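What the coordinates show
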Amino acid sequence: MAKERILFINQEISPYVATSPISSLGKFLPVSMQEKGFEVRTFMPKFGAVNERRNQLHEVIRLSGINININDNDHPLIIKVASLQPSRIQVYFIDNDDYFQKLASDTDHSGMNRPDNDERAVFFARGTMETAKKLRWDPKIIHCAGWITSLIPMYIKKLYHDDLSFKNSKVVYAIQPAKDLAPIDPNIFNKLKEEGFLQKDLKKYSGDKLDADLLHKIGIDFAQGIIINDPDIDPELLKYIRESGKPVLMAQDMEQDAQKYLDFYNSLS
């Protein structure tokens, strides 16, 4: 009998970026699920802080090479891969020099202070979806963690819902700290319309503040389940989650037993 599959799309995974509760969780969960008998794959951005030589990244030519058009500009998609040791889980890195090259002005390893974070999230979502399609790997659960993954639930539900790779997947969105995220470009909605999203999908956010909570709300609205990894979550955002009526796992303890995550995944299916 084939193993059930879980796709983790993480903003951060240790040891590729600086160790933190979030990056440690990004490693802990995939490894734990593999140990419980699941087939696991992971994606993350190839931030400029990721050391390619030390972590033995190499480009996957057959997955690279397409251009993603955002705001009338073409951006080449480069896919790199490494094996997470000692588990040997494959980690696919979404790379592009325009969005993920390390800048001298970065205040952290992910560049949360950059003004183009909306386009970076769009590029990461499109790059991840197109690459996952090519893998022909249909996961039972898609776990999206962190602000840069926040648009992926909407892409899956609205633009990729008929694709066999995602048709039967349950999508989980995990809210993680993003207090230092730069304000979102007001043109984000026009850019999303160019992606193919309809006005009716976006109109409810038109009056919202252009910050991390906006991205979190989009993730919440299009996911089937919500996980809260932020111990200091905004009370208004917590209220928004509760009013959504969706299943919620409060997982603020980063070393929480993996069984609680597994039970949550199973409750969705």
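A brief look at the structure comes next. (Residues numbered from 1 in each chain as written. Predicted model: local features only at pLDDT ≥ 70, side-chain atom pairs only at ≥ 80, totals over all residues. Heavy atoms only, no water.)

1. Comments concerning the overall build of the protein chain
What counts here: Secondary structure follows DSSP: runs of H or I at least 4 residues long count as helices, runs of E at least 2 residues long count as strands, and numbering of each begins at the N terminus. Using C-alpha atoms as the atom set, the radius of gyration is obtained and then compared with a globule rule of 2.2 Å times the number of residues to the power 0.38. Only protein chains enter the accessibility calculation, which uses a 1.4 Å probe. A residue is then buried if its area is under 20% of the maximum for its type, exposed if over 50%, and partly exposed in between. Contact definition: two residues touch when any of their heavy atoms are within 4.5 Å. Every accessible area reported is derived by Shrake-Rupley at a probe size of 1.4 Å, with residue values counting cover from the shown protein chains alone.
Scanning the protein chain from N- to C-terminus turns up nine helices and eleven strands. Against the globule reference of 18 Å for 269 residues, the protein chain gives a C-alpha radius of gyration of 17 Å, in line with a compact fold. Taken over the C-alpha atoms alone, the protein chain extends approximately 45 × 40 × 35 Å along its principal axes. The burial tally for the protein chain puts 57% of its 269 residues in the buried class. By sequence separation, contacts in the protein chain at least 24 residues apart represent 71% of the contacts at least 6 residues apart. Counting every atom, the protein chain has about 12000 Å² of accessible surface; 46% of that belongs to carbon and sulfur.

2. Things to note about the side chain of histidine 143
Tracing the chain through its elements places histidine 143 in strand β8 (residues 141-145). Given a relative accessible area of 2%, histidine 143 falls into the buried group. Contact partners of histidine 143, with chain neighbours within four places excluded, come to Leu7, Phe8, Ile9, Asn10, Leu29, Val172, Ala174, Ile227 and Tyr265.

3. A short note on the environment of phenylalanine 38
Its location among the elements puts phenylalanine 38 in the loop between α1 (21-35) and β2 (39-45). Classification of phenylalanine 38 by relative accessible area gives buried; the value is 9%. With 32 residues separating them along the chain, phenylalanine 38 and isoleucine 6 place their C-alpha atoms 6.9 Å apart. Excluding residues that lie within four positions of it along the chain, phenylalanine 38 makes contacts with Lys3, Glu4, Arg5, Ile6, Met33 and Leu262.

4. A closer look at the nonpolar core
Test applied: The set of buried Ala, Val, Leu, Ile, Met, Phe, Trp, Tyr and Cys residues whose side-chain atoms join them within 4.5 Å is what this entry labels a nonpolar core.
Counting residues in each nonpolar core, the largest one holds 94 residues, and the members touching the most others are Met33, Leu151 and Tyr265. By residue number, the principal contributor to this core is helix α3 (residues 117-135), which donates eight residues. Here methionine 33 is in contact with Ile6, Phe8, Phe38, Val40, Ala258, Tyr261, Leu262 and Tyr265, once residues within four sequence places are set aside.

5. A closer look at the sheet that holds strand β1 (residues 5-10)
Counted only if it meets this: Here, strands pair whenever DSSP counts at least two bridges between them.
Ordered by their spatial adjacency, nine strands build an open sheet running β3-β6-β7-β2-β1-β8-β9-β10-β11, and the pairing between neighbours is mixed. Looking along the sheet, the strands with just one partner apiece sit at the ends: β3 (58-59) and β11 (248-250). Inspection of the sheet shows β2 paired to strand β7 (residues 89-95) by four bridges, in the parallel sense. Directly across from threonine 42, in β7, lies its bridge partner valine 91.

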